[in-house]
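# Overview (structure and organization)
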Amino acid sequence: MQRRTVIKDRNAETRLLTNRILVAVIGILVGIGVLLGRLFYLQVVSHQHFATLSQENRVKLVAIPPNRGLIYDRNGILLADNRPSFRLVLTPEDVNDIEETLARLQEIIELSESDLNRFRELLPRSRRFEPIPLKFKLTEEEVARLAVNRHRFPGLDVRAELTRSYPWGELASHVIGYVGRISAQDLQRLEAQGKEANYRGTSHIGKLGIEHYYEDILHGQVGYEKVETNAVGRTIRVLERIAPVPGRDIHLSLDARLQAAAEAALEDYNGAIVAIDPRSGEVLAFVSRPTFDPNLFVNGIDLATYQAYQNDPNRPLYNRALRGEYPPASTVKPFIGLAALHHKVIGANESIYCPGHFTLPNVDHRYRDWKRGGHGRLNLNEAVAQSCDVYFYDVAMRLGIDDLSAFMSYFGFGAPTGIDLNGERTGILPSREWKRRTRNQPWYHGETVITGIGQGFWLATPLQMAQATATMANRGQRVVPHLLRAVSEPGSDRPVPVPRRTSGEPVPVHDAKLWDHAIESMKNVIRIGTARRVGIDLSYSMAGKTGTAQVRSIAQNERYDASKLERRFHDHGLFIAFAPIEAPEIAVAVVAENGGSGSGVAAPIARKVIDTYMENKARHAR
Amino acid sequence: MLGDPAAGSPLRQSWLQRYLRLDGVLLSALLLLTGVGLGILYSAFDGHLLEVRKQLIRFVIAFGAMLVMAQISPATLRRWSPWVYGATLIMLLAVMAFGHIGKGAQRWLDLGFVRFQPSELMKLALPMTVAWFLSRHELPPRFPQVLIALVLILVPTALIAEQPDLGTAILVATAGFFVLYMAGLRWRLILGTIVALIPIGVLMWHFGMHDYQRRRVLTLFDPHSDPLGSGYHIIQSTIALGSGGVYGKGYLRGTQSHLDFLPERHTDFIFAVLSEEFGLMGAALLLLLYFLIIARGLYIGLCAQDTYSRLLACSLSLTFFVYVFVNIGMVSGLLPVVGVPLPLVSYGGTSMVTLLAAFGMLMSIHTHRKLWPS
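Residues numbered from 1 in each chain as written. Chains lettered and ligands numbered in written order. Predicted model: local features only at pLDDT ≥ 70, side-chain atom pairs only at ≥ 80, totals over all residues. Heavy atoms only, no water.

### Things to note about the overall build of chain B
The secondary structure content of chain B amounts to 14 helices and three strands. Taken across its 374 residues, chain B has 57% of its residues classed as buried. With an accessible surface of roughly 15,600 Å², chain B has 69% of that area assigned to carbon and sulfur atoms. (Helix = DSSP H or I, 4+ residues; strand = E, 2+ residues; numbered from the N terminus. Buried < 20%, exposed > 50% of the residue type's maximum accessible area, 1.4 Å probe, protein only. Areas by Shrake-Rupley, 256 points an atom, 1.4 Å probe, with all protein chains shown as cover.)

Spelled out as structure tokens, the structure:
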């Protein structure tokens, strides 16, 4: 009451003031109303929208690649390992200007053209929150430099990871193969197979060999981490984690020591050696020489090295054991002999006269024997031991191409062996039908003649020769050569054996005794025949057959003279063998390219391999 | 709500009013706001007490400034007004000549022992002077007085805008205009001024604004046009607000703020931290608290006994509201990002001291009333 009287004399001013305050309060209330309305709109009406945005802001899904399974030999020797290494990755969504960042980055570390190309290839196909590899195998110095400059490069990270490593380098590289970075084609294939989700976060994939063939066993199952990240993309905490399932370990049937011995035995010859356990089909050694260092391929081989491999006339990247097609030459003679006995075109003790050449009626072409002047009279046993050509020209003619070819197919010639490696070649088992199909030509008698000594159209891979040898050792029971012996869960020392793959139909021979004749003839090759030199001081029984495959055809009036030919035109030396005869454990096929002859080069190599096998076996037994 | 007029009368003063010259209602509301501010700051700093303690010390200093100001009677304040204004103007010129440059703007004056923003002082000096000038004449002011008042307002505003500090310039000018408004500036003139401001604004846009200021205005209308540049602030703060919902994510649980998505979360964007963690409810309660403070300030103006005090008290209160409105409007994406802190909550010392000094003036005005005014 009192106050009102106090300011009564300023009535007008008070009225004005009250008026203005009233308007101001209304203004303030309107202002607050606007703010509350805006807040209501954001926090109630659009709450869901913003809650989603906020969640997207902070939660990211990060794939955790599984550790790749390891590869062991049959005795537990590690052939493919995972070793720690560092790589640089870039997460696109955390980088404002990728090109600018790359430019600045190159002031600190070197980025090769292929690094950049791969990155740019991956960039459009990667999700924005996924780190893309920029450079692999950082050196310690590079890691340090990046660490110091890290604040300048948001979105760049150095990741420690496991890199595939092949501790034995070139050893068995044609079997083990290698992993390489996932290419655009790999991705397409994975997408086609619906496996691309399992490869999120995975940078490498099996490209060749066992690494390629058993990719699914080795790779494992991808894991995920739901992580909370802050504004610059750093992970704050893990909200949820689904652990990856590591790939399983592979135990090969390969014996690394035998493999090493076999590779050494080939010395500087290009060629191939395949050793199979005829009882199981397990591949004990699988050599193709020259070979290469798979470690170079893991993180991208540099162009110069790759071109050196590519342009090397010895073709180190070429898997001769699997894909090399050679005339089996005289090594087929015991098989032909068996066919002749089975088809009763000749008796086991029936002999044929060899004058040093063979002619067909009404044709003046002379099919020469390797021995000038001929072998004289010999039966099957002697013909195989001496590797008489004329005997088998004659027998082949008696058999005819149809029976010959059909019988040989039981040994696996002309068909894939079914080994667990990709890219196997089938060779050629010539037949009337084959010639019509591929060349649209009729079969001529003369072609049957030379087929009898494994020449002409006949081509076989070293693997096929080893399989045929194993079938012979098994007296007709064919086995499928295979490399995978067992699989084990990571960390477990209990490999689970892989079930044997069913083998083909046995060779139909009307009388089991016929096998004795064929095997006996191969035994005589070692004892008194062409390979008698490798039979000296043999501590076990061994059956074998030499072969010499012509690289260049020799004209009618010419003679083969190694000293006048370039080495690359020298004959290939071939040898097949198995041991011990009574209970065969190892069957071997050797091809020494340009080795000159099977008896001189290939047979001693085979002996070294089988010797090593026997020594290892004796050591294990002790 | 605003207190019984009799309770606040000179006859029945509490000890707080009589000896400390403080207003209990205003003081309680300010302390509550300060407490809330420290609490949110604790969250914005991810629980680092060091920064919160620094802010607490600033509050102690600022409340000290308030206490000092409360002791100065309105009459004394009135006498000082033109001198304070003159001195501040000289300091603004000094800043232009050799001020300290920080964050691309020249705002600071280094006095050797303390760095100091004259533009902050102008927030007080300008309304004081305009109130002083207008109270010398009869209200409402006539045209020549309005013109002189406009000169008083625009000269420091131009100087501050030139620094450049658009936010402060607007606030300083607003404080001056509020005095004119309270003095009874005719509505015709007010409307006329607003109409006149439009071409001025257009001219400012083309010649008077820095690029970054223009960008800020542009991105207001379409923040997504520059999501990683100046639009980033607005996008992230609206996400913080919107994701807070009605009740918020809970104290210390804001993901936008704690995971660094929200820029300037300790200073200009602290309202987003509060809204994310306490939702619409928390924001509405904060607005209510601000409203209480403003209403009490206007009430003090209403009760004041001389023209100078009335004009000053109301103008300061209304300016305080502009602070709140501009900041929250900016954080919620209604207004451009002009760099106005949320009063008494944002981290930082200078504006806090000016604000509490202003509240000290209000308290002085309220507690120095006489039984029988002259």
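### Some thoughts on the packing of aromatic side chains
Scanning the entire structure with this criterion turns up 25 aromatic pairs over all chains. A centroid spacing of 6.5 Å and a plane angle of 75° characterise the contact between Phe292(A) and Tyr309(A), whose relative ring orientation is edge-to-face. Of this pair, Phe292(A) sits in the loop between β14 (283–289) and α12 (295–298) while Tyr309(A) sits in helix α13 (residues 303–311); the two residues are 17 residues apart in sequence, bridging distant segments of the chain. A relative accessible area of 14% places Tyr309(A) in the buried class. Seen in terms of ring centroids, Tyr391(A) and Phe392(A) are 5.0 Å apart; in terms of plane orientation they differ by 70°. Their pairing is edge-to-face. Its relative accessible area of 1% is what places Tyr391(A) among the buried residues. Taken together through their ring pairs, the aromatic side chains of Phe335(A), Phe407(A), Phe411(A), Phe413(A), Trp458(A) and Trp515(A) make up a single cluster. Sitting over the face of the ring of Tyr318(A), Arg315(A) holds its NZ or CZ atom 4.3 Å from the ring centroid. Just above the ring of Tyr347(B) sits the side chain of Arg58(B); from NZ or CZ to the centre is 4.6 Å. (Phe/Tyr/Trp six-rings, centres within 6.5 Å; stacked < 30°, edge-to-face > 60°. Lys NZ or Arg CZ within 6 Å of the ring centre and 35° of its normal.)

### A word on the pairing of strand β13 (residues 271–276) of chain A
Residue and element names in this part refer to chain A. Counted residue by residue, β13 has six buried out of six residues, so it is predominantly covered. As defined by bridge partners, β13 adjoins β14 across six bridges and the pair is classed as antiparallel. Paired with Ile 273 across the two strands is Val 287, which belongs to β14. The antiparallel pairing of β13 with β14 creates a hairpin that spans six residues between the two strands, and Gly 281 there sits at a positive phi of about 85°. (Pairing = 2+ DSSP bridges.)

### Section: the domain arrangement of chain A
Residue and element names in this part refer to chain A. Examined at the domain level, chain A breaks down into domain 1 (60–252) and domain 2 (256–302 + 319–483 + 503–621). Domain 1 and domain 2 are separated by 45 Å when their C-alpha centres are compared. Together, the buried faces of domain 1 and domain 2 total about 2,500 Å²; carbon and sulfur atoms form 57% of this surface. Across the domain 1-domain 2 interface, the total number found is one salt bridge. Two residues, Glu 282 and Arg 74, come together in a salt bridge whose shortest N-O distance is 3.0 Å. At the junction of domain 1 with domain 2, the criterion picks out 12 residue pairs in polar contact (both at pLDDT 80 or more). (Domains from an automatic or database assignment. Buried area = accessible area lost by both parts, 1.4 Å probe. Salt bridge = Lys/Arg side-chain N within 4 Å of Asp/Glu carboxyl O. Polar contact = N/O pair within 3.5 Å; in protein donor to acceptor, adjacent residues only side chain to side chain.)

### Observations regarding the nonpolar core
Residues and elements named next belong to chain A. One finds Phe 286, Tyr 391 and Met 408 to be the most contacted residues of the largest nonpolar core, which totals 128 residues. If one sorts the elements of this core by residue count, helix α17 (residues 389–409) sits on top with 10 residues. Each of domain 1 (60–252) and domain 2 (256–302 + 319–483 + 503–621) accounts for three or more of the residues forming this core. For Tyr 391, the contacting residues outside a window of four places in its chain are Ile 346, Glu 350, Ile 352, Leu 378, Asn 379, Leu 380 and Ala 383. (Core = buried A, V, L, I, M, F, W, Y, C linked by side-chain atoms within 4.5 Å. Contact = heavy atoms within 4.5 Å.)

### Overview of the packing of helix α2 (residues 11–45) of chain A against helix α12 (residues 270–303) of chain B
Two numbers describe a pair of packed helices, the interaxial angle and the distance between the axes. At a minimum axis distance of 11 Å, the contact between α2(A) and α12(B) shows a crossing angle of 180°. Considered as vectors, α2(A) and α12(B) are oriented roughly antiparallel to each other. Taken together, the residues of the contact of α2(A) with α12(B) sort by class into 20 nonpolar, five polar and no charged. (Axes fitted to C-alpha atoms, helices over the stretch in contact; angles between N-to-C directions. Parallel < 35°, antiparallel > 145°, perpendicular 65-115°, else oblique. Nonpolar A, V, L, I, M, F, W, Y, C, P; charged D, E, K, R; others polar.)

### Notes on the domain arrangement of chain B
By convention, interface size is frequently given as the accessible area that disappears when the constituent parts associate. Residues and elements named next belong to chain B. Split by domain assignment, chain B resolves into domain 1 (8–71 + 212–371) and domain 2 (80–209). Contact residues are listed per partner, giving 24 residues for domain 1 and 30 residues for domain 2. When domain 1 packs against domain 2, close to 2,400 Å² is buried across both sides, 76% of that on carbon and sulfur atoms. Among the residues domain 1 hides against domain 2, the three largest losses belong to Gln 213, Arg 214 and Leu 311. Together they make up 26% of the total.

### A short note on the environment of Arg439(A)
Relative to the helices and strands, Arg439(A) resides in helix α18 (residues 432–439). In this structure, Arg439(A) is in contact with Trp434(A) and Phe457(A), ignoring residues within four places of it in sequence.

### As for the interface of chain A and chain B
Between chain A and chain B, the contact holds 41 residues from the first and 59 residues from the second. Where chain A abuts chain B, roughly 4,300 Å² becomes buried across the two surfaces, and 70% of that area is made up of carbon and sulfur atoms. Put simply, chain A and chain B have one salt bridge between them. One can count 14 residue pairs in polar contact (both at pLDDT 80 or more) joining chain A with chain B. Residue assignment for the side of chain A that touches chain B shows that the elements contributing at least two residues are α1 (2–6), α2, α3 (47–58) and β9 (223–229) of chain A. Take the side of chain A that touches chain B: its biggest share by element is 23 residues, from α2(A). Of the residues contributing to the side of chain A that touches chain B, the split by class is 23 nonpolar, 11 polar and seven charged.

### What to know about the side chain of Thr319(B)
Take Thr319(B): it is sitting in helix α13 (residues 307–331). The residues contacting Thr319(B), other than those within four sequence positions of it, are Leu171(B), Ala175(B) and Phe178(B).

### Some thoughts on the sheet that holds strand β22 (residues 572–579) of chain A
Residues and elements named next belong to chain A. Across the sheet, five strands lie side by side as β14-β13-β23-β22-β21; this open sheet has antiparallel pairing. Across the chains shown, the open sheet's two edge strands, defined by having one partner strand only, are β14 and β21 (543–549). Geometrically, the sheet is characterised by an average inter-axis angle of 5° between neighbouring strands, direction not taken into account. Lying on the sheet, helix α21 (residues 513–527) is in contact with β21 and β22; it crosses β21 at an angle near 70°.

### Quick look at the pattern of salt bridges
Residues and elements named next belong to chain A. On inspection of all chains with the given rule, the structure shows 36 salt bridges over all chains. Of the charged contacts in the structure, one is a salt bridge between Glu 325 and Arg 425, with a shortest N-O distance of 3.8 Å. With Glu 325 in the loop between α14 (320–323) and α15 (333–342) and Arg 425 in the loop between α17 and α18, the pair connects residues that are 100 residues apart, well separated along the chain. Of the charged contacts, one joins Asp 389 and Lys 333 as a salt bridge, the two residues approaching to 2.5 Å between their closest N and O atoms. Taken together, the residues Asp 389 in helix α17 and Lys 333 in helix α15 connect sequence positions 56 residues apart. Ionic contacts of the salt-bridge type, sharing partners, join the residues Arg 68, Arg 164, Glu 211 and Glu 215 into one network.

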